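Inside the fold
Each chain is listed here by its residues.
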Amino acid sequence: MQHGKYRFIVGFLVVPLALYALFVVWPFIQSIYYSLTNWSGLSPEFEFIGFDNYTRMFQDEVFWKSLQHSLIFAVVLPLISVGFALFLAFMLNVGGRRRKGAAIAGVRGSAFYKIVYFFPQVLSIAIVALLFQFAYNPNSGAINSVLKAVGLGSVQPQWLGDPNLALICVMAVLVWSTVGFFVVLFSAGMASIPRDFYEAALLDGASRFTTFFRITLPLLWDTVQSGWIYMGILALGAESFAVVQIMTVGPNGGGPDYSTIVLPLYVYQKAFRDGQAAYATTIGVALLLVTLAFAAVVMKLGRRERLEF
């Protein structure tokens, strides 16, 4: 069985690793190089200027605002989305009433609920952003119309036009669009946990609260950690860019008064709106470092002994 093992492994890995190096690693290296130039993005000529772009970035107030908002997204969104999804998945799979012949059971119609929760994943994030942009409209949007219908006509927030509310509104959309995916993911993980563990705990007098923290969460920890990292990467990347760019006000989004600007959107604005590709790649390098640091911190803090069953 050991004969030719390494040739077999290399034969399968050489092509995907070569493609990964060509289309992922090499562009990262190019970005680092371009960040040390004054390239406009269109001109075939550029000048090497060293760390001038990085000096400019550290003095850029909009960059610090976008970094702050991206860090808020990376910390708060996984906490809310993963935590809420864990609660819903536990209720769907273990939180039902006890039935005859079974110590634990999921709620009735749990399969239907999973489909409903997963439905936002079927929609494009651009469509989701447009739908909520209409819903947040202060004049004819669904939210203010409902407030007026229930007698709260005097409470008519500007939502996306209010600098104090705009970021919260955007985060609410991202939570709504991602929770369903994690509900299905965690439900699949919970389905693999032997029911005997729950039955033994309940017979010993354990509550639902105790079974969640003593059985479900420890045995599901690897999946939770992966989901946390995945959600953080979404919050730092394409999902936050699309929602903020489509929903918010201002030139190419990010308003009002840069109250919702995030790093990927700022990269886009500098590269395609202002024609400053080199400076945009500098911000992109900062975004790469933030993403890697986030994943490293989550993996470090979440490291624990692997439990098997």
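Before reading further, recall that the structure is shown in the block above.
Described below are features of the structure shown in this document.

Definitions and cut-offs
Residues numbered from 1 in each chain as written. Predicted model: local features only at pLDDT ≥ 70, side-chain atom pairs only at ≥ 80, totals over all residues. Heavy atoms only, no water. Salt bridge = Lys/Arg side-chain N within 4 Å of Asp/Glu carboxyl O. Buried < 20%, exposed > 50% of the residue type's maximum accessible area, 1.4 Å probe, protein only. Helix = DSSP H or I, 4+ residues; strand = E, 2+ residues; numbered from the N terminus. Contact = heavy atoms within 4.5 Å. Axes fitted to C-alpha atoms, helices over the stretch in contact; angles between N-to-C directions. Parallel < 35°, antiparallel > 145°, perpendicular 65-115°, else oblique. Left-handed = near helix turned anticlockwise from the far one by under 90°. Nonpolar A, V, L, I, M, F, W, Y, C, P; charged D, E, K, R; others polar. Phe/Tyr/Trp six-rings, centres within 6.5 Å; stacked < 30°, edge-to-face > 60°. Lys NZ or Arg CZ within 6 Å of the ring centre and 35° of its normal. Patch = residues over 30% accessible without salt bridge, like charges linked within 9 Å, V, L, I, M, F, W, Y side chains within 5 Å. Areas by Shrake-Rupley, 256 points an atom, 1.4 Å probe, with all protein chains shown as cover. Core = buried A, V, L, I, M, F, W, Y, C linked by side-chain atoms within 4.5 Å. Polar contact = N/O pair within 3.5 Å; in protein donor to acceptor, adjacent residues only side chain to side chain. Expected span 1.5 Å × (residues − 1).

1. Overview of the pattern of salt bridges
One pass over the structure, following the stated rule, counts two salt bridges. Aspartate 274 is paired through a salt bridge with lysine 270; the nearest N and O atoms lie 3.3 Å apart. On the basis of relative accessibility, which here comes to 11%, the residue lysine 270 falls in the buried class. We note a salt bridge from aspartate 274 to arginine 273, for which the minimum N-O separation is 3.0 Å. With a relative accessible area of 30%, aspartate 274 lands in the partly exposed category. Each member of the salt-bridge network shares a partner with another, and the members are Lys270, Arg273 and Asp274.

2. Here's the deal with the environment of serine 187
Relative to the assigned elements, serine 187 resides in helix α7 (residues 166-191). Separated by 95 residues in sequence, serine 187 and leucine 92 place their C-alpha atoms 7.9 Å apart. Ignoring any residue separated from it by four or fewer positions in sequence, one finds serine 187 in contact with Ala89, Asn93 and Lys114.

3. Some thoughts on the packing of helix α11 (residues 238-247) against helix α12 (residues 263-273)
Interhelical geometry of α11 versus α12 gives an angle of 65 degrees and a closest axis separation of 8 Å. Between α11 and α12, the angle is such that the two are roughly perpendicular. In the packing of α11 onto α12, the handedness of the crossing is right-handed. Facing α11, whose interface residues are Ser240, Phe241, Val244 and Gln245, α12 presents Pro264, Leu265 and Tyr268. Broken down by class, the residue content of the contact of α11 with α12 amounts to five nonpolar, two polar and no charged.

4. Overview of the environment of valine 297
By secondary structure assignment, the location of valine 297 is in helix α13 (residues 277-301). By relative accessible area, which is 46% here, valine 297 ends up partly exposed. On a C-alpha basis, the gap between valine 297 and threonine 216 in space is 23 Å, while along the polypeptide they are 81 residues apart.

5. A closer look at the environment of isoleucine 115
You can see isoleucine 115 is positioned in helix α4 (residues 110-122). Along the backbone, isoleucine 115 and valine 183 are 68 residues apart, and their C-alpha atoms lie at a distance of 9.9 Å.

6. Structural notes on the packing of aromatic side chains
A full pass over the atoms with the stated rule returns 20 aromatic pairs. Between the aromatic rings of phenylalanine 63 and tryptophan 64, the centroid separation amounts to 5.3 Å while the plane-to-plane angle is 65 degrees, which identifies the pairing as edge-to-face. Relative to tryptophan 159, the ring of tyrosine 136 lies with its centre 5.9 Å away and its plane at 40 degrees, an arrangement referred to as tilted. Note that tyrosine 136 is positioned in the loop between α5 (125-135) and α6 (142-149) and tryptophan 159 in the loop between α6 and α7, a separation of 23 residues in sequence. You can call tyrosine 136 buried: its relative accessible area is 7%. An aromatic cluster is defined as three or more aromatic residues linked by ring pairs; in this entry it consists of Tyr33, Tyr34, Trp39 and Phe46. Directly above the ring of tyrosine 279 sits arginine 56, whose terminal nitrogen or CZ lies 3.8 Å from the centroid.

7. What to know about a nonpolar patch on the surface
Taken together, the side chains of Tyr6, Phe8, Ile9, Phe12, Leu13 and Leu17 define a hydrophobic patch exposed on the protein surface, amounting to about 690 Å² of accessible area. Note that isoleucine 9 resides in helix α1 (residues 5-34).

8. Topic: the nonpolar core
Counting residues in hydrophobic clusters, the biggest one holds 69 residues, and the most contacted among them are Phe63, Phe73, Leu77, Leu86, Phe186 and Ile283. Considering each element in turn, this core owes the most residues, 13 residues, to helix α3 (residues 61-93).

9. Quick notes on the side chain of glutamine 269
Within the fold, glutamine 269 resides in helix α12. For glutamine 269, a relative accessible area of 1% gives the class buried. There is a polar contact of 3.1 Å between the side chain of glutamine 269 and the backbone oxygen of glycine 253. Beyond its immediate stretch of four places on either side in the chain, glutamine 269 contacts Pro251, Asn252, Gly253, Ile261 and Asp274.

10. Structural notes on unusual backbone geometry
Cis rather than trans, the peptide bond between glycine 255 and proline 256 has omega equal to 0 degrees. By the element assignment, proline 256 lies in the loop between α11 and α12. The phi torsion at tryptophan 159 lies on the positive side, around 55 degrees, for a residue other than glycine. Of note in the backbone geometry, aspartate 257 takes a positive phi value of approximately 55 degrees without being a glycine. Here aspartate 257 falls in the exposed class, since its relative accessible area comes to 61%.

11. Description of helix α9 (residues 208-219)
For the α-helix, the turn length of 3.6 residues means that residues three or four positions removed from each other point alike. Along its 12 residues, α9 runs 15 Å from first to last C-alpha, staying within 8% of the 16 Å computed at 1.5 Å per residue. For α9, the elements touching its buried residues are α3, α7, α8 (195-203) and α10 (221-236).

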